Every structure is written in structure tokens, then in C-alpha cells.
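Structural features, examined
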Amino acid sequence: MRRALLVSLAAVAFVAGSATLAQIEGSGRGVAPVDSGGAFEVSGVAVDFAGKTADAARYGGWRLAQRKAWVQLSRRLGGGGTLVSDGTLDQLVSGIVVENEQIGTTRYVARLGVLFDRNRAGALLGVATDTDRSPPMLVMPVQWSAGVGQVVERRSDWQLAWARFRTGNSSVDYIRPTGAGIDPLLLTIGQTNRPGRGWWRTIIDQYGAADILIPSVRLYRQWPGGPVIGQFEARHGPDNRLLGRFSLRVGSAQGLAQLLDAGVARLDGLYQQALRQGLLSPDIALSPQPDPTATPTPVALEGIDGIIADLNDPAANTTTVTVQYDTPGASSVANTEALIRTLPGVRSAATTSLALGGVSLMRIELAGDPAGFAADLQSRGYQVAGSGTTLRISRPAAVPATGPDG
């Protein structure tokens, strides 16, 4: 399919001559995404640090930002906000994003973003790093300005905003084209209004996608250098179906990048909401067509003996549950493990990460429903937070007795 597509495009280029070459040549195209990884991001961390020199103040400010960001991330993921050493943070932090900074001779004032490695931070906090994401979605960022619409034909501020967006914390699996190669020939403003499934199926097959997202913005400038109004729309699918819209305004042209970054973040929220509501289900007509010459492979039916053997296999019906619990001393470890082993369905319970004076992790092999296991813990007097296979348990704080006078 891809070879046939390239051959047809080459034929069009040969017939159209210089007009086609003028369309695909030039240096004003191509924007690679800044980050497509799955890092945990904490943004907007304010620091104000003084040092002996400018470099020392900046280095100390970044250290302080790491500590503040880790506390925020730990609380957000249910870790309790426990601080770790600077050496450990250096192993967890994968990048520092400078949002705004002012550097003096002995003082550093900034607003920073901190990126944490998802696997390492998740392992330390005892949280699952795998998240349920949507099928891969091809993003076609449409920008309208001065009555002219474009996608990736030329480098635009809207495409740059989507390239800056960090997708690690989103449940939508975005595929962002760079605008290089044959992208300007395939992803055009006219294509967004063509509902024909056959050509759409050919396009998304080039990018390994399952569906299309069309986030669009219309920019209105009040006067040169003055306020800019952006009207944003979240659209989906080959029918260009509208999911939601909103407007944002910035006071001057210098704030256009911040306006578009805020628009991308809100559109991502609309797309995630649509995903939770089941509105981003791929069109079945975009699926590859079955091969009419293919011979169906016979499926061997499993006998009743194999089914009974699976039911009798302990490993086939075991769920692994991770429990975070407080360990003020060594005795609390043994006591908690002993109590959990007495609960129904628990086959094994062992502490895998010990932190005396902090929060430890216990690995539990459970035969049964984790929800029932959580209910059993509550019946034993524990407070249970979290859901699924990751739980956080704690004893309620004792209420001091009051005298007759209250």
C-alpha cells in the first residue's frame, strides 16, 4: 500500500512539474515533537534562591525545584509527600523545563517544570506506571489566520504548540506529524473536509494510526502587536465531528505562544473527556479491509480436561496487589504482614521495599477480588485509599481523651 502511494505521488509530481516541486520544497517546514515519552511532569514550581555566585544560585534553585516538585508528585500519586535525598532525586529527574527565570549576581528567581522518569519514580512510589491509553490518533493541527487555513504545509505557531506539548500524562496516544517528507501532500486543509474512508484509511496507514484528531484554532488580531483572540475547536474523525469549543484571549502578540499552549492543554482535556465517554471509538470503516483470498486458520477447541486443569492451577487465578503501609519500627512490619496473611484469599505477603520511619511496600499474591480484599482490610480497622491492585493503608489517628471540662 505504501509503495503504491509513493508511486502515485511521484506520478503526480512528474505531471505537475514545477508547481508540485514548489509545494514540497523549502526550509519552512518540519517541526519534531519535543517530548513523546511518558515522564511525570510537575509544572509551575516557583523558586527564589540566593547563592555566592549566579551559577551557584541557579544550581541551588534547580535543586530546590526538584524537592518541591517531588513532594507535589508524591502527594498527587498517593505517596504521602515524603521527601527523598538529593542524590536519589538526581537519578529520578530526567529534565528541567525553564518556564520563566531571572538571574542576578547572587539571586535566582524562576518558575520551572520538572520531569521525572516514569518507571523509576513509579517504582519508588509503589504506583503502576502503565496507563490505559486510547488507540493511536493522528493529529492534524489546523490553523486559520487572516482567512487562510493550513495544517503542515508551512511551519505554523499552532504546529509548534503541539510539538511543545508533553503527552506523557495524557490518556490519548497522539501521533504528531513533523511536516517533513510527504506530510504536506497528505495532510492538507482540504483533506479535513473529505469524508471518504478509502483515502483516509490509506493516510492513517502511513502513520500507524487508528483514527484522526483535528484540533483547530482561528486567530483574530485586534491590531498589529495588540490583543489576539483564539477560537479553539476539538474535532474528531473523517467526518470532522465537533466535540467542543472555547475561546481564549491574550493582551499582546508577544503572548501568542502562551495562548496556544493553554489552548493545547484544554483541547487535550476535551479529548480525554471524550475518550472516557466513549466518543473516540475508531470508525470501523477505517480498519484495514480483509483479504478476500485469505484462508481462515482453524482454531483448536480446548477440551474439558484442559479447562478443569486451568481452574485447578493456583497461578491461573492469582492477582498481585501492591500495598503501601506505614512502618514506624521493625515490629510494625512483622505485625502488618502477619495480619494480612490471615485475610481470606491471601496466599503470600512479603515486604519488597522497606523504609523504617516511612512508607514501605508489600507484595501480596491474592486469590480473589481486590475490592473484597480492601473491604477485609477496612473491617480490620484500616483506612484504605486507592483502587484496583495498588492500595494505601493506614491506621486512623488516635483521638486524645478530653477531661470533664472538655
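Residues numbered from 1 in each chain as written. Predicted model: local features only at pLDDT ≥ 70, side-chain atom pairs only at ≥ 80, totals over all residues. Heavy atoms only, no water.

What to know about the overall build of the protein chain
Secondary structure summary: the protein chain contains 12 helices and 15 strands in total. The buried share of the protein chain, taken over its 406 residues, is 38%. In the protein chain, 64% of the contacts between residues at least 6 apart in sequence involve partners at least 24 apart. Split by element, the accessible area of the protein chain, about 21800 Å² in all, is 55% carbon and sulfur. (Helix = DSSP H or I, 4+ residues; strand = E, 2+ residues; numbered from the N terminus. Buried < 20%, exposed > 50% of the residue type's maximum accessible area, 1.4 Å probe, protein only. Contact = heavy atoms within 4.5 Å. Areas by Shrake-Rupley, 256 points an atom, 1.4 Å probe, with all protein chains shown as cover.)

Considerations on unusual backbone geometry
Unusually for a residue other than glycine, alanine 146 sits at a positive phi of about 55°. Within the secondary structure, alanine 146 sits in the loop between strand 5 (142–145) and strand 6 (148–150). Unusually for a residue other than glycine, asparagine 240 sits at a positive phi of about 55°. Inspection of the secondary structure assignment puts asparagine 240 in the loop between strand 9 (228–236) and strand 10 (241–250).

Re the pattern of salt bridges
One pass over the full model with this rule turns up 12 salt bridges. The shortest N-O distance in the salt bridge between aspartate 261 and arginine 164 comes to 2.9 Å. Placement of aspartate 261 in helix 9 (residues 256–276) and of arginine 164 in helix 6 (residues 157–164) is noted, with a sequence separation of 97 residues between them. Judged by its relative accessible area of 32%, aspartate 261 falls in the partly exposed class. (Salt bridge = Lys/Arg side-chain N within 4 Å of Asp/Glu carboxyl O.)

Observations regarding the sheet that holds strand 13 (residues 358–366)
Reading across from one edge, 12-13-11-15-14 is the order of the 5 strands in this open sheet, with mixed pairing throughout. Edge positions in the sheet fall to strand 12 (346–353) and strand 14 (383–387), since each of these pairs with one other strand and no more. Neighbour to neighbour, the strand axes of the sheet diverge by 25° on average, direction disregarded. Strand direction decides the pairing type here: strand 12 and strand 13, joined by 6 bridges, are antiparallel. Within strand 13, the residue paired with serine 353 across the bridge is leucine 361. Together, strand 11 (319–327), strand 12, strand 13 and strand 15 (390–394) form the strand contacts of helix 11 (residues 330–341), whose direction differs from that of strand 12 by roughly 155°. Along the sheet face, helix 12 (residues 370–379) touches strand 11, strand 12, strand 13, strand 14 and strand 15 and points at about 5° away from the line of strand 15. (Pairing = 2+ DSSP bridges. Axes fitted to C-alpha atoms, helices over the stretch in contact; angles between N-to-C directions.)

What to know about the sheet that holds strand 1 (residues 40–50)
Strand order in this open sheet of 3 strands is 1-3-2, and the pairing throughout is antiparallel. Each having just a single partner strand, strand 1 and strand 2 (93–103) make up the two edges of the open sheet. For this sheet the average axis-to-axis angle between neighbouring strands, irrespective of direction, equals 25°. Relative to strand 3 (residues 107–116), strand 2 runs antiparallel, the two sharing 9 bridges. Bridging across to strand 3, valine 98 finds its partner in leucine 112. Sheet contacts for helix 3 (residues 54–76): strand 1, strand 2 and strand 3; angle to strand 1, the most-contacted strand, approximately 140°.

Points about helix 11
Under the 1.5 Å per step criterion, the end-to-end length of helix 11 is 17 Å for 12 residues, consistent within 8% with the ideal 16 Å. Inspection of helix 11 places Ser332, Val333, Thr336, Glu337 and Ile340 among the buried residues, and these make up the whole buried set. Down the axis of helix 11, the buried set is contained in an arc of 125°. They therefore lie on one face. With respect to the buried face of helix 11, the exposed residues turned more than 90 degrees away are Ala330, Ser331 and Asn335. Residues of helix 11 that are buried in the fold lie against strand 11, strand 12, strand 13, helix 12 and strand 15. (Expected span 1.5 Å × (residues − 1). Arc of directions from axis to C-beta.)

Section: the environment of glycine 51
Within the secondary structure layout, glycine 51 lies in the loop between strand 1 and helix 3. Separated by 53 residues in the primary sequence, glycine 51 and glycine 104 have C-alpha atoms spaced 9.8 Å apart. The residues touching glycine 51, leaving out its near neighbours within four places in the chain, are Ala57 and Thr106.

Read these as geometric descriptors, not functional statements.
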